[in-house]
Amino acid sequence: MTAIETTATADIGVVGLAVMGSNLARNLASHGHAVAVYNRTFARTESMMADHGDEGNFVPSEDIKDFVASLKAPRVAIIMVQAGRGTDAVIDQLADLMDEGDIIVDCGNANFHDTIRREKDIRARGLHFVGTGVSGGEEGALNGPSIMPGGTPESYARLGPMFESISAQVDGEPCCMHVGSDGAGHYVKMVHNGIEYADMQLIGEAYDLLRRGLGAEPAEIAEIFAEWNKGRLDSYLIEITAEVLRQKDAETGKALVDVILDRAAQKGTGTWTAQNGLELGVPLTGITEAVFARALSSSVAQREGSGTLDGHVKDLQVEDRQAFIDDVENALYASKIVAYSQGFQQIEAAGEEYGWDIDLGNLARIWRGGCIIRAAFLNDIDEAYKKDPNLPLLMANEAFVDKINAAVPSWRRVVVMGVEAGIPLPAFSSSLAYFDGIRAERLPAALIQGQRDFFGAHTYKRVDKEGTFHTEWSGDRTETTMS
Ligand code: NAP
């Protein structure tokens, strides 16, 4: 490590001044922090200073050595560059220039496995590494994101107050907390994105049902979503759904949603969440179905080749318009609770697997503002975990149980209607199947255990006595006690 003799005046620094980095730097500066800024290509730094240099106290550097030297000790440098190799390159440059106790913060969308690896490497060099999830896109970065830092408590003591000052605020509380050690911050950001996938898919299915069931135009359906946004579904995603459905295409005069190609893209965090759910053995049906639904929408050759398949569909019969709308709202609410319940269960399981002690109630609180899944009912989730931090099943908690139970008849009606009418409802129907699976007294898993013992001598347990058993399937079919 190289100590550099120069005047250190900046409270914090940002490396990478593309859209996210420059907005985060401006947010920090406008909250009174002196911010060192550096970008590999100096023109970007110059352009940011020309456009926004008067918004606060910026300390620009053309050279990364000068950037590090301009930071007050213990130094804090945020990396906001392209995820992957770009991040590794900048971490290396900073680590070579920094001193013991300094803090490198990665605010990019890193995979938590990378963050665990990087934290270990950087810790071995005497520095802190803080993988931080940041949600809210460019608007959030500028005006108040939800911030999820991992890393050590010592690094949070230095960094936390600055992050808390620039995060979104809800009811006077910052949407930022120390999530846990090493990769915990990037982990919860990943699950946040997974829940976002599920939420968006569920909203899409609700829209499809309403559109086909009511034969209504997008602008009319926008009004239904706007109305829902005044109730228990009050959330950013419901709000923007109404905005998107209202939008007219200037060129054709049609609803914009009708001229947008129906192939949903993805950048990977939903897939990471689903993969990790499989690794941990958590039944993450809502998020995983949402990832698959995007993949199906983009399966161009398969969709084009499906023309000869006959759905034998029935016409959707909606006799009572308002009752149907209420049914869809109930199904959406219940399925949404399933997705959140599964996501929080996954975070709890990850805590055990990776050694994190994540406060799930507080996590729900910091998602109430700044981020894409911000929603009123996160207050209910917080309340549920406050009452019982070891809650085994969020959706069965008293904060939700009556609402879910009341929604079940609607939920079933809507799924049946969708099945009969040939409307694909992967997230609605798999959420209902999860609900029925969780509440079932007996599952056909008993038969699966019998099959496994038959072909692989995998053994089984019995309901009426302790021990492990095997039946001699290819012999006289007597049962042997294995242990
Ligand atoms: P970006 O397009 O992902 O990356 C461009 C920035 O990375 C530029 O500053 C570029 O510098 C720098 N860079 C790339 N490779 C580099 C290298 N090898 N060494 C040094 N610098 C390098 O930028 P972004 O959209 O602002 O996103 C930044 C990070 O935030 C990403 O990890 C992204 O996933 C995450 N994120 C983005 C959003 C969003 O809504 N956009 C939301 C949350 C998180 P040059 O100018 O020199 O090319």
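Up top is the structure.
This section reports on the structure supplied with the text. If you're wondering where the values come from, they're calculated on a predicted model, not measured in any experiment. (Residues numbered from 1 in each chain as written. Predicted model: local features only at pLDDT ≥ 70, side-chain atom pairs only at ≥ 80, totals over all residues. Heavy atoms only, no water.)

**Here we look at the overall build of the protein**
From N to C terminus, the protein includes 20 helices and eleven strands. Buried residues in the protein amount to 51% of all 483 residues. Considering only residue pairs separated by 6 or more positions, the protein has 67% of its internal contacts joining residues 24 or more positions apart. Surface summary for the protein: the accessible area is close to 22,500 Å², and the carbon and sulfur share equals 50%. (Helix = DSSP H or I, 4+ residues; strand = E, 2+ residues; numbered from the N terminus. Buried < 20%, exposed > 50% of the residue type's maximum accessible area, 1.4 Å probe, protein only. Contact = heavy atoms within 4.5 Å. Areas by Shrake-Rupley, 256 points an atom, 1.4 Å probe, with all protein chains shown as cover.)

**Description of the site of the ligand**
For the ligand, the set of nearby residues contains 19 residues, the closest of which are Met 20, Asn 39, Arg 40, Thr 41 and Arg 44. The contact in question runs from an oxygen atom of the ligand to an N or O atom on the backbone of Val 81, over 3.1 Å. Here the ligand, which alone exposes 890 Å², has 77% of that area covered by the protein. Here the shell around the ligand is composed, by residue class, of nine nonpolar, eight polar and two charged. (Near = heavy atom within 4 Å. Polar contact = N/O pair within 3.5 Å; in protein donor to acceptor, adjacent residues only side chain to side chain. Nonpolar A, V, L, I, M, F, W, Y, C, P; charged D, E, K, R; others polar.)

**With respect to the sheet that holds strand 2 (residues 35-38)**
Reading across the sheet, the seven strands line up as 3-2-1-4-5-6-7 and stay open at both edges, with mixed pairing between neighbours. Single-partner strands in this sheet number two, and they are strand 3 (58-60) and strand 7 (146-149). When strand polarity is set aside, the average angle formed by the axes of neighbouring strands in this sheet is 25°. Relative to strand 5 (residues 103-106), strand 4 (residues 76-79) runs parallel, the two sharing four bridges. (Pairing = 2+ DSSP bridges. Axes fitted to C-alpha atoms, helices over the stretch in contact; angles between N-to-C directions.)

**Considering the pairing of strand 7**
Alternating residues of strand 7 divide into Ser 146 and Met 148 and Ile 147 and Pro 149, and every residue in both groups is buried. For strand 6 (residues 128-135) and strand 7, the ladder comprises four bridges, and the chain directions are antiparallel. Its bridge partner lying in strand 7, Gly 133 is registered against Met 148.

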